[in-house]
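One letter stands for each residue in the lines below.
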Amino acid sequence: MSIRHGLLALLERGHMYGYQLRAAFEESTGSTWPLNIGQVYTTLARLERDGLVRPLPESEGGQRPYEITDAGRADLALWFATPISRTDRPRDELAIKLALALTTPGVDVRSVVQAQRTATMRTLQELTRLKFASDRPEDLPWRLVLDAMVFQSEAEIRWLDHCETSLVRYRPTPGRPAAGPPVDEAVDRTDQEARR
């Protein structure tokens, strides 16, 4: 989710100033995505520049609320109507990490997989605990966010199981970095086999 569209969605509820937007954003996502107040004001400045929000007069307390414009409503409606593409999401750092671990000499890939599985299991347990902590109707927005995080954690664990199974069957090409022995040992074995 982009912060830009998150703020537009919140402003569709009514005008708000920066700290109100931050609190409403965190409340809506169950504090699963902490938002830095600097991000809020930077995003508001860009939204204002793009004509999607406009500032209102300062309140007596010195806060400047913002409201969504018609152009902002149109942009928000388009965002809600457009499916999120897999390519729009951030890179999968874990997949990249394991691919690099597999091809980096001296890295015990199985240990990397196990460490990640342990951490993901802890996260899954905590998310499940949070999910069942409250079942009030007004908690539905953040419970849906938690559900998504639970499903992603479960999928990650299944993927890590797959990685572990693949590692058991993996036979590296001689001379290439792998999950097994360091490259020097593989090269030595290749040299010895070539001499026979």
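1. Topic: the side chain of arginine 143
Its place among the elements puts arginine 143 in helix α7 (residues 140-169). Since its relative accessible area comes to 18%, arginine 143 is described here as buried. Non-local contacts of arginine 143, meaning those with residues more than four positions away in its chain, are made with Lys131, Ser134, Asp135 and Arg136.

2. A look at the pattern of salt bridges
Between side chains of opposite charge, a pair can form as their charged atoms come close. In total, this model carries twelve salt bridges according to the counting rule given. Between aspartate 50 and arginine 4 there is a salt bridge, with its nearest N and O atoms 3.4 Å apart. Placement of the pair is aspartate 50 in the loop between α3 (37-49) and β1 (53-55) and arginine 4 in helix α1 (residues 3-13), with a sequence separation of 46 residues. Aspartate 50 sits in the partly exposed class, given a relative accessible area of 35%. For aspartate 75, the salt bridge is made with arginine 4, and the minimal N-O distance between the two is 3.6 Å. Taken together, the residues aspartate 75 in helix α4 (residues 70-81) and arginine 4 in helix α1 connect sequence positions 71 residues apart.

3. Topic: the environment of histidine 15
The topology assignment puts histidine 15 in the loop between α1 and α2 (18-28). On the basis of relative accessibility, which here comes to 52%, the residue histidine 15 falls in the exposed class. In this structure, the C-alpha to C-alpha distance between histidine 15 and proline 55, residues 40 residues apart in sequence, is 9.1 Å.

4. Considerations on the side chain of arginine 117
Turning to its location among the elements, arginine 117 is positioned in helix α6 (residues 109-131). Apart from residues lying up to four places away in sequence, arginine 117 is in contact with Leu160, Asp161 and Glu164.

5. Quick word on the packing of α2 against α3
α3 packs onto α2 with a crossing angle of 115 degrees between their chain directions and a minimal axis gap of 9 Å. Where α2 crosses over α3, the handedness of that crossing is right-handed. Along its contact with α2, which presents Gly18, Tyr19, Leu21 and Arg22, the element α3 presents Ile37, Val40, Tyr41 and Leu44. Classifying every residue of the contact of α2 with α3 gives six nonpolar, one polar and one charged.

6. Brief notes about α2
If you check which residues of α2 are buried, you get Gly18, Leu21, Ala24, Phe25 and Glu26. Turning to α2, the residues buried within the fold contact α1 and α3.

7. Let's talk about the packing of aromatic side chains
The final tally for this structure, using the stated rule, is two aromatic pairs. With 6.4 Å between their ring centres and 70 degrees between their planes, tyrosine 19 and tyrosine 41 make a pair best called edge-to-face. Residue tyrosine 19 is located in helix α2, and its partner tyrosine 41 is located in helix α3; the two are separated by 22 residues in the primary sequence. Geometrically, the ring pair formed by tryptophan 79 and phenylalanine 80 is tilted, given 5.0 Å between the ring centres and 50 degrees between the ring planes. Residue classification places tryptophan 79 among the partly exposed positions, given a relative accessible area of 21%. What makes phenylalanine 80 exposed here is its relative accessible area of 55%.

8. A look at the confidence of the model for the chain
Looking at the chain, pLDDT values average 81 and 81% of them are 70 or higher. Note that pLDDT drops below 50 for residues 178-196; the model gives that stretch 21 contacts with residues more than four away or on any other chain.

Definitions and limits used
Position labels on residues start from 1 in each chain and follow its written sequence. Restriction of local features to residues with pLDDT of at least 70 applies here, the model being predicted, together with a cutoff of 80 or more for giving and counting side-chain atom pairs; totals for whole chains, interfaces and linings are based on all residues. With hydrogens and water stripped out, all remaining heavy atoms of the structure feed into the side-chain values. Every helix listed is a DSSP run of H or I at least four residues long, and every strand listed is a run of E at least two residues long, numbered separately from the N terminus. Summary of the burial criterion: residues with accessible area below 20% of their type's maximum are buried, those above 50% are exposed, and those between are partly exposed, where the area comes from a 1.4 Å probe applied to protein chains only. A contact between two residues is defined here by any heavy atoms of the two lying within 4.5 Å. We count a salt bridge whenever a side-chain nitrogen from Lys or Arg sits within 4 Å of a carboxyl oxygen from Asp or Glu. Structural elements are reduced to axes, namely lines fitted to C-alpha atoms, with helices fitted over the stretch in contact, and the angle between N-to-C directions of any two is expressed from 0 to 180 degrees. By convention the crossing between two helices is left-handed if the near helix lies anticlockwise of the far one by an angle smaller than a right angle, and right-handed if it lies clockwise. Ten residues, namely Ala, Val, Leu, Ile, Met, Phe, Trp, Tyr, Cys and Pro, are considered nonpolar, four, namely Asp, Glu, Lys and Arg, are considered charged, and the remaining ones, Gly among them, are considered polar. Geometry of aromatic contacts follows a simple scheme: Phe, Tyr and Trp rings, the Trp one being its six-membered ring, pair when their centres are within 6.5 Å, and the pair is stacked under 30 degrees between planes, edge-to-face over 60, tilted otherwise. On a scale of 0 to 100, pLDDT captures the predictor's confidence in every residue.

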